[in-house]
Amino acid sequence: MGASDRELWGRVVGGDQAAFEVLFQRHLGVVWNHGYRLTGSWDAAEDLASGAFLVAWRRRESAVVVGDSVVPWLLTVVGNLVREERRSLWRRGRVHRRVAQLPTSVDDHADDVVARLDARARVAAVAQAIGKLPAALRRVSELCLVGEVDTAAAAELLGVSETTVRVNLSRARARLRTMVGEQ
Amino acid sequence: MDDIEIPAAREVPDVVRARVHVQVFRQIQEPPKRRYALPVAAGVVAAALAVGLVAVVGSDSGTTPASGKRETAQPAAPSEADAANADLDRCWSGLRGTPFAGQLPPRERVVPVLRVSQLQVNVVAARVDGKPIFCETTPKGVRLSKLDAQPSMVTGTGTGTLLVSPNGTIAGVLDPTWADPYLSVTSRSKNTIREAVKHKDGLFIFRSALSTINSTITVQPTPDGLALPVPYPPDPGFSITSQARYPSPELTECARKATDSTTVVDSDSWDAAATVRAGGDRIILATNSGGVAACVEQQSYTDFYAMPEPERRPMLLGIIPSIGGKPLLTGVIPLGGRSAELILPGGGTIQANTARGTYAALLESNIDPRAMTLRVRDNSEKVIYEGPLT
């Protein structure tokens, strides 16, 4: 068992790149998958993973370690980068185009291709629906539904009560069912 | 995630891991001047901004700092008993001047048992000489079950309701053999929530985020038990709620539609404020002396969001990013402001719809709010604020 996130982040705050490397290797998978789930694009997920770890390093002194994990905060950074990409004039449309693009590699099995297209479309539909939610609902959706962070950790990270997180989660689920069902 | 499909996590391919590693660590090791020229740096500010907005929209404390960190130095919370007694005092004082005053039991004989506080609604279960009574307080009203009312019993059980309020409270007496009951609410829009019931000494309280108006309520004696229909109590109890000073049929209708799914607390107390519509969708901001709300009407869904009074003015309210396909900005302006305009990065302006200290503006395209300036004028056209939207 290696050092905990909290221990490592204490060293990261002091500028220890080796400790950051350990955390990078430990959590890249979660961050990368979260990026995909929020965009429906593996290309975008890769950019988002890079961006999130860069932001994490630069903002290391203000990171929030929840319990003994830095993951909830990293997922919040990914969510904010997605919004920033969508908002920014500089990169406007890039994420959306990526969400809509077809797979870049096509193999010989038509059924498999169709299945992957369907899966990608479903992820994109959920991602787009989450992006349209009001801020409070969107944030708990990104953390708890997509990122699978538990409600207690999300509450601590967001600085609200666990009850608030659970209520917003209920409302988000209800809205998402309706929104995704209509797409 | 129920019926919303989230793909299973994949292992990161080695080639991806290597590429991301190079991207990250190469830039970490570059000098600061280059680093801060990168576009992702803007995300840092966005992070702080977005988390701060959550505090306004979703917090029940309203004190979350923009950093997202919870404040640790807070005054000691009053005990639950103190809080319950304060709520009971409010129920009694609120009803004192009403025609019901003579029917209230003496306050000093009311003994609190259980208190549940959620999103500005507090509910206290109490007993008066052994008889159950329930008090609900909201920012703009109070409601009290009748002491002599008979619970509406769940058939064949010792569980029954004494208070089901439009503010989302379901409360009553609990069968003494039920240790871990679960309650479900299915709204008229067919959305369902299911959560454990809070209970103590034979009394229970459930707070529903979904509307309890004409909804279907069921209870399970155990988490896996049979769901039993829960009847509504025949008597709504005593209540008083501050009414809107400037009732608006549009807002009333929007709030009514929202109750197909969502609980709208103090629904009659809101004055309509800034309003915009686009592509068949509409947002109506609303205010009362307790805070700010927004009723969002979309073709597929109508929802109502209430929040405590913002801690500063002006302040951007992150309610919903767009309506009718158009980016939307909403916020509050300094008191005394009568008009608000947004100054775009290129110098153009957008006149926001402004009313009762709120504004709403539709944009033609996504523009970073940080690149815009808000200008607010008073009745005499004097500029009383010009600066960031914050």
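In case you missed it, the structure is sitting above this.
All values reported here derive from a predicted model rather than from experimental measurement.

What counts, and at which threshold
Residues numbered from 1 in each chain as written. Chains lettered and ligands numbered in written order. Predicted model: local features only at pLDDT ≥ 70, side-chain atom pairs only at ≥ 80, totals over all residues. Heavy atoms only, no water. Helix = DSSP H or I, 4+ residues; strand = E, 2+ residues; numbered from the N terminus. Expected span 1.5 Å × (residues − 1). Buried < 20%, exposed > 50% of the residue type's maximum accessible area, 1.4 Å probe, protein only. Contact = heavy atoms within 4.5 Å. Pairing = 2+ DSSP bridges. Axes fitted to C-alpha atoms, helices over the stretch in contact; angles between N-to-C directions. Parallel < 35°, antiparallel > 145°, perpendicular 65-115°, else oblique. Left-handed = near helix turned anticlockwise from the far one by under 90°. Nonpolar A, V, L, I, M, F, W, Y, C, P; charged D, E, K, R; others polar.

A word on helix H4 (residues 80-96) of chain B. Residues and elements named next belong to chain B. Here H4 is 17 residues long and its end C-alpha atoms lie 24 Å apart, about the 24 Å a rise of 1.5 Å per residue gives. Of all the residues in H4, the buried ones are Ala 83, Ala 84, Asp 87, Leu 88, Cys 91, Trp 92 and Leu 95. On its buried face, H4 is in contact with strand E1 (110-118), strand E2 (121-128), strand E3 (131-138), strand E4 (141-144) and strand E14 (238-241).

Neighbouring strands of a sheet are bound in pairs by backbone hydrogen bonds; such pairs are parallel or else antiparallel. Residue and element names in this part refer to chain B. Spatially, E1-E2-E3-E4-E14 is the arrangement adopted by the five strands of the open sheet, whose pairing is antiparallel. With one partner strand each, in any of the chains shown, E1 and E14 form the two edges of the open sheet. Strand-to-strand, the axes of this sheet are offset by a mean angle of 15°, without reference to chain direction. With four bridges connecting them, E4 and E14 associate as antiparallel partners. Paired with Gly 141 across the bridge in E14 is Thr 241.

The subject of this paragraph is the sheet that holds strand E9 (residues 192-196) of chain B. Residue and element names in this part refer to chain B. With antiparallel pairing, four strands are arranged side by side in an open sheet as E9-E8-E12-E13. Bordering the open sheet on either side are E9 and strand E13 (228-229), each of which pairs with just one other strand. Judged from the five bridges that link them, strand E8 (residues 182-186) and strand E12 (residues 216-220) form a sheet pairing that is antiparallel. Counterpart to Val 185 in the pairing with E12 is Ile 217.

Residues and elements named next belong to chain A. At their nearest, the axes of helix H7 (residues 135-146) and helix H8 (residues 151-158) sit 10 Å apart, and the two run at 135° to each other. Between H7 and H8, the interaxial angle falls into the category oblique. In this structure, the crossing between H7 and H8 has a hand that is right-handed. Counting all contacts with H7, which are made through Arg 139, Val 140, Leu 143 and Cys 144, the residues of H8 involved are Thr 151, Ala 154, Leu 157 and Leu 158. Of the residues contributing to the contact of H7 with H8, the split by class is six nonpolar, one polar and one charged.

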